[in-house]
Amino acid sequence: MTTHEPPTRVVDGAVVDTLARLQQLAATLGATDALDSLPQIVVLGSQSAGKSSTIESLVGLSFLPRGTGIVTRCPLLLHLRPRDTGPADYGVFGHGGGAPISDMEAIRAEIEAQTARLAGDEKDICATPIVLRLHVAGAPSLTLVDLPGVTRVPVRGQPDDIGDKIKRLCQQFARNPRAVLLCVSAANADLATSEALVLAREVDRAGDRTIGVLTKTDLMDPGTDCASILRNEVFPLRLGYVAVVCRGQRDLDEGGTVAAAQSRERTFFANHEVYGAPRHRELLERSCGIAVLAQKLSALLVAAT
């Protein structure tokens with residue numbers, strides 16, 4: 001199977017604005033059927049695949065809650081828009097009066113607080129979405145749905161059927177035929193065991209609306225690479241794959257910024273013996289880096305409208 005490049009249609013921010021308003025209205029009214037039928041990018045991945053780091057790299061800011069176990073316990077409907085005016089990036093929630101918040105730590109805290117309101121203080125999940133619109137300088141126009149990470153074994157305090165609950169919630173959003181499925185998998189693990197790809201295949205058997213993201217590319221064993229996957233030769237998807245390098249746990253522990261991680265990513269791919277080799281220039285330009293992923297997702301989202 002050959003990779004079909006996303007349409008090169010120019011992204012119109014007004015389209016994303018309209019989608020954001022419709023989705024916020026549907027979420028506010030509890031009209032889940034309408035919400036599920038709107039174009040959006042549904043992010044799927046296991047708890048350890050690097051889903052949150054990938055989303056923050058796309059946004060360019062650190063704003064998502066962190067921790068062990070299930071941190072994302074409600075769907076997060078994230079509308080990302082480039083900021084044209086004002087001195088600082090800011091976010092606006094669909095609840096709480098819609099006041100702008102420019103402190104990313106405050107946004108993180110509010111996501112945690114609203115999650116507790118909707119899903120309780122324990123470790124269960126809730127299908128009611130949290131709606132957040134982020135205005136960020138230089139950001140792409142995207143509408144993302146961040147979902148709980150797929151898990152199989154419940155930990156202490158979680159319902160015994162938590163794995164099934166998460167799977168059903170993910171399927172609810174992934175079944176939308178107008179949704180692009182963004183499947184996040186670790187490059188240093190066997191792709192055949194990817195929870196995200198297994199789930200996506202259940203609702204998109206031909207892989208027509210699934211795009212794969214390979215995280216932790218820099219953690220692969222020496223002498224190995226994921227070039228064959230990026231060429232769509234291993235687990236073919238019509239929209240192909242993109243390899244990224246995001247912040248790891250060490251970066252988070254040391255307070256590393258998203259911008260620093262993006263700089264390190266560019267250096268890694270450009271200097272890699274395979275991805276950066278002249279003979280693989282096309283692979284580097286089309287399948288490596290968070291900037292490539294952002295461009296592809298923007299085009300796919302507008303094409304789905």
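Residues numbered from 1 in each chain as written. Predicted model: local features only at pLDDT ≥ 70, side-chain atom pairs only at ≥ 80, totals over all residues. Heavy atoms only, no water.

Draft legend 1. Examining the overall build of the protein chain more closely. For the protein chain, the helix and strand inventory stands at 11 helices and 8 strands. Counting over 305 residues, the protein chain shows a buried share of 52%. For the protein chain, long-range pairs separated by at least 24 residues make up 75% of all intrachain contacts whose partners lie at least 6 apart in sequence. (Helix = DSSP H or I, 4+ residues; strand = E, 2+ residues; numbered from the N terminus. Buried < 20%, exposed > 50% of the residue type's maximum accessible area, 1.4 Å probe, protein only. Contact = heavy atoms within 4.5 Å.)

Draft legend 2. Geometry of the sheet that holds strand S6 (residues 179-186). Strand order in the open sheet made by the 8 strands is S3-S4-S2-S5-S1-S6-S7-S8, with mixed pairing throughout. Of all the strands in the sheet, the pair left with one neighbour each is strand S3 (90-93) and strand S8 (241-243). Each strand axis lies, on average, 25 degrees off the axis of its neighbour in the sheet, ignoring direction. Strand direction decides the pairing type here: strand S1 (residues 40-45) and S6, joined by 6 bridges, are parallel. Each residue of the ladder has a partner; that of Gly45, found in S6, is Val184. Packed onto the sheet, helix H6 (residues 195-203) meets S1, S6, strand S7 (210-215) and S8 and runs at close to 155 degrees relative to S6. (Pairing = 2+ DSSP bridges. Axes fitted to C-alpha atoms, helices over the stretch in contact; angles between N-to-C directions.)

Draft legend 3. Summary view of the packing of helix H5 (residues 162-174) against H6. Where H5 meets H6, the closest approach of the two axes is 10 Å, and the angle between their N-to-C directions is 50 degrees. Taken together, the axes of H5 and H6 are oblique relative to one another. In this structure, H5 meets H6 at a crossing whose hand is right-handed. Facing Lys167, Cys170, Gln171 and Ala174 of H5, the residues of H6 in contact are Leu199, Glu202 and Val203. When grouped by side-chain class, the residues that make up the contact of H5 with H6 number 4 nonpolar, 1 polar and 2 charged. (Parallel < 35°, antiparallel > 145°, perpendicular 65-115°, else oblique. Left-handed = near helix turned anticlockwise from the far one by under 90°. Nonpolar A, V, L, I, M, F, W, Y, C, P; charged D, E, K, R; others polar.)

Draft legend 4. Quick look at unusual backbone geometry. Of note, Lys216 is a non-glycine position whose phi angle comes to about 55 degrees, a positive value. Counting through the fold element by element, Lys216 comes out in the loop between S7 and helix H7 (227-230). A relative accessible area of 27% places Lys216 in the partly exposed class.

Draft legend 5. Focus on the confidence of the model for the protein chain. Per-residue confidence for the protein chain gives a mean pLDDT of 85, with 85% of residues at or over 70. Overall, residues 1-12 carries pLDDT values under 50, and its contacts beyond four positions in sequence, including any with other chains, amount to 30 contacts. (pLDDT = per-residue confidence, 0-100.)

Draft legend 6. Expanded view of the state of the cysteines. A complete count under the given rule lists 0 disulfides for this structure. The closest cysteine sulfur to the non-disulfide-bonded Cys126 is located on Cys74, 4.7 Å from its own sulfur. (Disulfide = S-S within 2.5 Å.)

Draft legend 7. Structural context of the packing of helix H3 (residues 51-59) against helix H11 (residues 290-303). Two elements in contact, H3 and H11, have axes separated by 9 Å at closest approach and are oriented at 80 degrees. Relative to H11, H3 is oriented roughly perpendicular. Note on element contacts: H11 touches H3 through Ile290, Leu293, Ala294 and Leu297, opposite Thr54, Ser57 and Leu58. Class assignment for the residues of the contact of H3 with H11 results in 5 nonpolar, 2 polar and no charged.

Draft legend 8. Examining the nonpolar core more closely. Residues Val59, Phe63, Ile111, Leu132, Leu134 and Leu293 are the most contacted members of the largest nonpolar core, which totals 42 residues. Top contributing element to this core by residue count: H11, with 7 residues. If sequence neighbours within four positions are ignored, Leu293 has contacts with Thr54, Leu58, Leu182, Ile211, Val213, Val242 and Val244. Membership of the second largest hydrophobic core comes to 40 residues, among which are Val42, Val145, Leu191 and Tyr241. (Core = buried A, V, L, I, M, F, W, Y, C linked by side-chain atoms within 4.5 Å.)

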